[in-house]
Amino acid sequence: MSKRPLIIDCDPGTDDAQCIMMLAASGLFDIKGITATHGNVPLSMTSVNALYLAHLLGIDCPVYKGAEQALIMRLPRAENVHGAGGLGGYEFSAEGLEFASGKARDFLYETAVECKGELEICAIGPLTNLAITVMKHPDFPSLVKKLVIMGGARAEGNMTPLAEFNVYQDPHACEIVLQAGFKDFVVVDYQACKTAYLDKAEQEKIRNMSDKNTFAPLLKAYMIHRDNSIKEAVGTVYEEKFARMAEKMVFCDAAASAVLIDESVATYQPVYMMCETQGEKTMGCTVIDKYGLSGMTNVKLCVGLDRDKYAKMYFDCLEKYEV
């Protein structure tokens, strides 16, 4: 069976690393390239992280630097979650590794043309690169077979009471992409991601992994960073929240890779979705037409994942890096 052509648009980020690991390990994809964007940490860091991850995971593809900032706004990053460098304190050297020349937006469009309608895209950061490509090449959405994004929230957000981080980082880009006309557009929102978790026994399995697994040192570094974050939260108003986090470990972007690897891992609902770009208190909120008043649909909203099926998929992919 021929492999499916894929571009990964990302802002690594520890959860991006999990997503990229799973997509590479699945063996289903011909990864044409990785395009980095601003997001969890500045582009200067996300791009180097993406370059190193491609090397670590044995992905032979170009890595492009993309957008340095949102189209309109400059918003806070997430170093508190992902560590100052973006990969949970994991130390590495990218010496000798080189970025591809050219612009991410041009690579996205040119690859879509070359793939003749078969290109799939997994976008797991702010959607700035895709929005710029759409604005420069209005026919771009018609050339993409499938777009899966991790972003948005149908209920509470993780950045504001209503907004999820990736969308909040560039709500204007999100709205452009939502209205661009991608024909098979799957949205894995924050609520769906929370149904794809690893329980305490599975977390312990990760902590006890042998470093013979090439991905294990990075993963363990994140676990230490996460454990320390939870310990620091004890005695604060966030204690209850972090106690829940300790029970269930969620890599949001990994849920998007699971949906792309095997669509049957999740359930979906066709909806019409918009992104709020003007509200003082609702900026970045993804608005869903729940009652179908618009008479339209533009995305397949992932309602939830099969937790056990997801966990098995995650560890099956992780085991591919045993040496």
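Read on for a plain summary of the structure.

Rules used throughout
- Residues numbered from 1 in each chain as written.
- Predicted model: local features only at pLDDT ≥ 70, side-chain atom pairs only at ≥ 80, totals over all residues.
- Heavy atoms only, no water.
- Axes fitted to C-alpha atoms, helices over the stretch in contact; angles between N-to-C directions.
- Helix = DSSP H or I, 4+ residues; strand = E, 2+ residues; numbered from the N terminus.
- Parallel < 35°, antiparallel > 145°, perpendicular 65-115°, else oblique.
- Contact = heavy atoms within 4.5 Å.
- Nonpolar A, V, L, I, M, F, W, Y, C, P; charged D, E, K, R; others polar.
- Phe/Tyr/Trp six-rings, centres within 6.5 Å; stacked < 30°, edge-to-face > 60°.
- Buried < 20%, exposed > 50% of the residue type's maximum accessible area, 1.4 Å probe, protein only.
- Lys NZ or Arg CZ within 6 Å of the ring centre and 35° of its normal.

**Considering the packing of helix α9 (residues 200-207) against helix α13 (residues 307-319)**
Between α9 and α13, the least distance of the axes is 12 Å, while the angle of their chain directions is 5°. Overall, the two elements α9 and α13 adopt an arrangement that is roughly parallel. In this structure, α9 uses Glu202, Lys205 and Ile206 to contact α13, whose residues at the interface are Arg307, Ala311, Tyr314, Phe315 and Glu319. Tallied by class, the residues present in the contact of α9 with α13 amount to 4 nonpolar, no polar and 4 charged.

**Things to note about the packing of aromatic side chains**
Throughout the structure, instances matching the rule amount to 10 aromatic pairs. Ring geometry for Tyr52 against Phe92: centres 4.3 Å apart, planes inclined by 20°, an arrangement best described as stacked. Within this pair, whereas Tyr52 is found in helix α2 (residues 43-56), its partner Phe92 is found in the loop between α3 (79-82) and α4 (104-114), the two being separated by 40 residues in sequence. Classification of Phe92 by relative accessible area gives partly exposed; the value is 28%. Note on Phe182 and Phe185: the rings are 5.9 Å apart at their centroids and 80° apart in plane angle, and the pair reads as edge-to-face. No difference in accessibility class separates Phe182 from Phe185, as the two residues are buried. Feature note: the residues Tyr222, Phe251, Tyr310, Tyr314 and Phe315 constitute an aromatic cluster, connected by ring pairs. The aromatic ring of Phe315 is capped on one face by Lys205, whose charged end is 4.3 Å from the ring centroid. We note Lys300 situated over the ring of Tyr268; from NZ or CZ to the ring centre the distance is 5.5 Å.

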